Every structure is written in C-alpha cells, then in structure tokens.
Amino acid sequence: MSYDDQPAAESKGGTPVYKRILDLFEAEGIKTLFGIPDPNFVHLFLEAERRGWTVVAPHHEASAGHMAAAAARITGKPALCIGTLGPGMANMMPAIQCAKVENDPVSFMGGQRARVTERRVRRGRIQFVRQEPMIEDSVKFSSSIEYADQTDEIIREAIRVAMSGTPGPAYIEYPSHVILEELDVEPVLPPSRYRLTNQGADGDRLAEAARLIMAAKNPVLLVGHAVHTSKSGEKVRDLALKMNCPVIQTSGGTSYIEGIEDRTFQYVFSDASIDAVEECDVVVAIGTELGEPLHYGRWRHWHALESSRKWIYVQQDPTAIGVNRPIDVPLVGDIRAVVPQLTRALGEGRAPTASLERFMKDGAAELVELAEEAASKGDGSGNEPMHTAQFVTEATKAFPKDGILIRDGGATVIFQWTYSQAKPHDVIWNQNYGHIGTGLPYATGAMLADQAESGRSRPGMLLTSDSSFLFHIGELEVAVRKNLPLVCVVGVDFQWGLEVGVYKRTFGHGTAETGTHWSDKVRFDKIAEGFGAAGEYVTEAKDLGAAIERAYARGGVTVIHVPIDPKANSEEMPKYGRFRTWYAEGTQ
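Rules used throughout
- Residues numbered from 1 in each chain as written.
- Predicted model: local features only at pLDDT ≥ 70, side-chain atom pairs only at ≥ 80, totals over all residues.
- Heavy atoms only, no water.
- 1 Å grid on protein atoms, 1.4 Å probe; cavity = no way out; pocket = protein on both sides within 12 Å on 5 of 7 lines; lining within 4 Å.
- Points joined across faces, edges and corners; volume = space filled by probe spheres on them.
- Nonpolar A, V, L, I, M, F, W, Y, C, P; charged D, E, K, R; others polar.
- Helix = DSSP H or I, 4+ residues; strand = E, 2+ residues; numbered from the N terminus.
- Phe/Tyr/Trp six-rings, centres within 6.5 Å; stacked < 30°, edge-to-face > 60°.
- Buried < 20%, exposed > 50% of the residue type's maximum accessible area, 1.4 Å probe, protein only.
- Expected span 1.5 Å × (residues − 1).
- Core = buried A, V, L, I, M, F, W, Y, C linked by side-chain atoms within 4.5 Å.
- Contact = heavy atoms within 4.5 Å.

Draft legend 1. Layout of empty space enclosed by the protein. Per the counting criterion, the structure on display carries 5 cavities of 30 Å³ or more. Put simply, the largest cavity is a space of about 100 Å³. A class-by-class count of the residues in the lining of the largest cavity yields 7 nonpolar, 3 polar and 3 charged. Reported here for the second largest cavity is a volume of approximately 80 Å³.

Draft legend 2. Quick peek at the layout of surface pockets. The calculated volume of the second largest pocket comes to roughly 510 Å³. Taken together, 25 residues make up the lining of the second largest pocket; nearest its centre are Lys231, Gly233, Tyr256, His425 and Asp426. For the lining of the second largest pocket, the elements supplying multiple residues, two or more each, are α10 (225-229), α11 (233-243) and α17 (439-454). Looking at the lining of the second largest pocket element by element, the count peaks at 3 residues for α11. Of the residues contributing to the lining of the second largest pocket, the split by class is 5 nonpolar, 11 polar and 9 charged.

Draft legend 3. Representation of the packing of aromatic side chains within the structure. Taken as a whole and assessed by the stated rule, the structure comprises 16 aromatic pairs. Ring geometry for Phe269 and Trp582: centres 6.4 Å apart, planes at 85°, overall edge-to-face. One end of the pair, Phe269, is in the loop between β11 (264-266) and α12 (271-279); the other, Trp582, is in the segment after α24 (576-580), with 313 residues separating them in the sequence. Accessibility assignment for this pair places Phe269 and Trp582 in one class, buried. Judged by centre distance (5.6 Å) and plane angle (65°), the rings of Phe469 and Phe524 are edge-to-face. Taken as a pair, Phe469 in helix α18 (residues 466-469) and Phe524 in helix α21 (residues 524-530) lie far apart in primary sequence, 55 residues in all.

Draft legend 4. Broad picture of helix α3 (residues 61-75). The end-to-end C-alpha distance of α3, which contains 15 residues, comes to 21 Å, matching closely the 21 Å that a straight helix rising 1.5 Å per residue would cover. Gly76 lies just past α3 and shows a positive phi near 75°.

Draft legend 5. Local environment of unusual backbone geometry. Its identity is not glycine, yet Asn103 carries a phi of approximately 65°, on the positive side. With respect to the helices and strands, the residue Asn103 is situated in the loop between α4 (87-102) and β5 (106-112).

Draft legend 6. Highlighting the nonpolar core. Leu222, Trp302, Phe391, Val489 and Leu544 are the most contacted members of the largest nonpolar core, which has 57 residues in total. Excluding anything up to four places from it in sequence, Leu544 contacts Phe391, Glu394, Ala395, Val489, Val538, Ile560 and Val562. Grouped together as the second largest cluster of nonpolar side chains are 52 residues, Ala79, Cys81, Ala95 and Leu440 included.

Written out as structure tokens, the structure is:
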C-alpha cells in the first residue's frame, strides 16, 4: 500500500480502527477535530463530518495544535488534533511544546509510514522521520497503535494520563498499516469507568481547612488557570460568597467569574490585589501552580506575613504539594469535586468584613482612574499615533457582553493587564510559555469548540499587536470560512515593542535596535479584505469603539488596523517593573 494511494474502506463486518478512535473520543464529549488531512486520516475526517463533528482544516499544523488547546480550555474537556507524517508533525512541534507548558490536555495524533517501511535498513525514504523520539519529551504520554486490538487501551491511556494530575498533551502515532484494520468491539466505556474523575478530598483535611477559614481575619481566594479550564467558575463563586473574601487572579487565571467580578483583582497589576495579599492571614489557592509570576507565594507581597500565614491548596496533582512553597492543608482532588465539598464544610459561611468592602471600593476607583489617565494620553488626533493605553481602554470598553476575549502580543498585553476596562468571563491567552502568535488560532479554536459545545455563536475579540498577528495570519481564512463573529483589533507600530524597549534599557536611546523594526507598508485592513473579511483603519481613539460596534453589527470577521505610538509602546509599559519581578533569576 503506497502512502498516496489508500484504498476505500471495505468492511469485513467489524469496526474499522478509525471509527473506533472517534467512538472513544466521543465518549469524552469531544465534538471538534483539528488538522490537515492526509492519506492516514481521510477516512477519519469523512467519518467525523458524517457524525456531525466540527472538522477544521487550518493552514499550518501548529495552528491546528493551538486551536485544539483553545478548544480544551473553553470546553473543559480533552481535545484532538492530527498531523501529517514527517513535516506535518515537525510543524506541529511548537504547539505540542506550548501545550505541555500551558497544561493543555490535547491528544496529538501523528500519521506515520507502515512499520514494514520504517524498520527497513534503507536510505532516502520519502516523507519519513522517526517521530516518537522527537516528541516524547514534550508530552506526558507517547505511544503507537501498532496493532488494531491496542486501539482502546492506547487511546484511553493517552486521555487518562493527559487528564490526570497536572493536565498536559499526549502523542498517539497512527501508522498506515492499521488504518483499515477492523475490530470486534465492546460498547464504549464512559470516562468514569476507565479513569479517575471528580475525585474528592479527604474529609479530615476538609474539616481542618474549614476551621482555618472560619477563624481567619483576612482570608483570600487565589484563583488560577485551572478554574477556567475545568469550568469550575460557578463552584468557586459559591465558595467566594461563603468566605466573603477578595478573589485574587493569577496571571494565568484572568477570566472573571460571573457574579463576583467586583471582588476580583489581578495579582500585582491591581493595587487592591497587593493590599489584599499583604493583609491576608489565610490563602485558599485553587487551580494554580503557585509559580514564578506569583513569586511562588513566598516573596515580595507575600513576605511580610510568611511566618504566620496559612495555606490551603486545592490541587489535583499530589506531587505538586509543597514544591514551590510549604502547604498547611493540602486538599488533593479534582477542583470540580473539592470546591463544593469545601463550600459545604463552611456551613453558613463567614460574615462580611470591612476590608472586603474597602478592597472593592478601591478596585472600582482604580479602574476609573486608569480610564481617566489613559484619556489624558495621545488619542491619535495630532501628529503622534494613538497611545497604547488609549488603544486598550477604548477597545475593551467596546468588548461585547458574553464575548470571548483572546489576548496576544508582547507590550500590548502588558498594557492590557493594567488598562483593560472589561471583565470577560472567558479569556484565552498564552501565559506560561510566553508564545506570541497564538491569538488567531486560539480565537478560531475556542469559538468553534464553544459553538459545537453550546450550540450558540458567541462574539470573539482578539486584542493583539502587529508582530504577533503576522505569525498565523493565514488562519483569517478559517475564521472567514466558518463565518465567525470575530473582531481582531490590531495595534500597529511596525516593531517588536518589548524588544525595542530592551535595547533602550540596555544601551540607552539612539542604539540601532537591530532586528526589531520592519516595513511600515503593511495594512492589516487590506490584508483582511483579501481574505474575504471586512477591514477598517482607525487612527483616533474616539472612533475605535464605534468601529468595533459596526463590526459586530455587520457580522463575520473584521480586522481593525490601529496605528499606535511606537515610542509609548516600547518605553511606557505600565507597571513594567512589577512584570520584571517574574524573572527574578536566582532570587526565588
């Protein structure tokens, strides 16, 4: 059987491997498939479409991986994407590595030549490289379906490992000699029959945690990335209301929980968050690695009360307990099960405190002050382009209710942390790995998976910068093809803003800033029109909100090109000194 001449499937009465693979992923509630089909996968793609799956073929394999990662985050379920053998899987490597660092439970399936070809002593084989050695260090699990009767065990083990402990990606090799093999199969098992789901915490530890919370003077909830990716926001809201305390977002957990937005503050980038952290005597940390951007929960703003503060840690991975800091009460289990247990253990809950009211008042005032401060900066009406603070403020004021916010970029994201006027319930961005360029794939993957999951078409806003937008700009075609209600607001300064800033801080003004500037001839609104999307060119802050409103009213995809001040974008990043403390080499 040659690679490029696959026969049509001729059933012998059993279930073909490719159909069984879909059965197993459907048992997990998966309804989306990302990838560029090749002969290893054409049968699987046709069958998925027949079953009503959302099948998405992007223009680069890395995009397929990023789309699947966003799908996992927005649905709270594992995700699936495929890659062509050889160069396809090589192209997918950035997304695999990103999924590992971002804790995304994506199953990457890679096509491969038949083993009779791989194991020959030959040179000059076409489209071939040994893929598992290339991938295995970047995934939690790696295996190959060598024989048809291994299909169930390998797919289940991939999902089991990907979803256990700290989530992460798996790799499943799919060599061509098994594609059309058939199986006599048993009914598909539900996830709870073959892997641990909804694991609760130990009762004695829950009682201990409840006593600490009830006795605390100033408790806080520290909410991380996994609260959003496990879709546990409603459960955490119930706990926050019982605790009557402020909610501190980690840098990865920036999706706001509906109903408690006014008591939620971003760590470091909100002054109210710093006050709450410095005063707190009990921390309930949920769904966070307690990593470097949190100063490991030990240094800077945590340091003053370190000797007396108590830590309660809700964590699915028992090997994470005590790694980055000592923990007083570990609650090991699934967030979806442990948080309701803890809420019940608090009974009637705590009475509200004066400090919570103060933090909420200060947080609201800070948001107003930031908007006023941004309005005092360049609005694009004079000789200088719009200040990035104005760009972020005006764009986020127009963010649609119930929308999905996707962040991308370097300097512009730092401005977003400080100046954003929106409190979206779904935020997708690349925090741990710092991989810029994921914005368009994340947007398309999240929006399409959300549609497949909910049956609704929610608006999306990608707030990004020019350098990042160019990485996977070809995926605009996917958004247009799928008619997504997506507005891409692109801040354009024709440079790598963060890197320009590094040159200036390292060598002073006037250096050549080699490698950081590029052509000022690019027009993203015109590029969008070439893809069949709408394009707008907005120079003044007062016109940006109206342009965004027009875009959503028009429907489909719109790209808004917004010139921003390159000097401000590279020199005036707000609270940049706080951001730099994430990289405190050797001091943490």
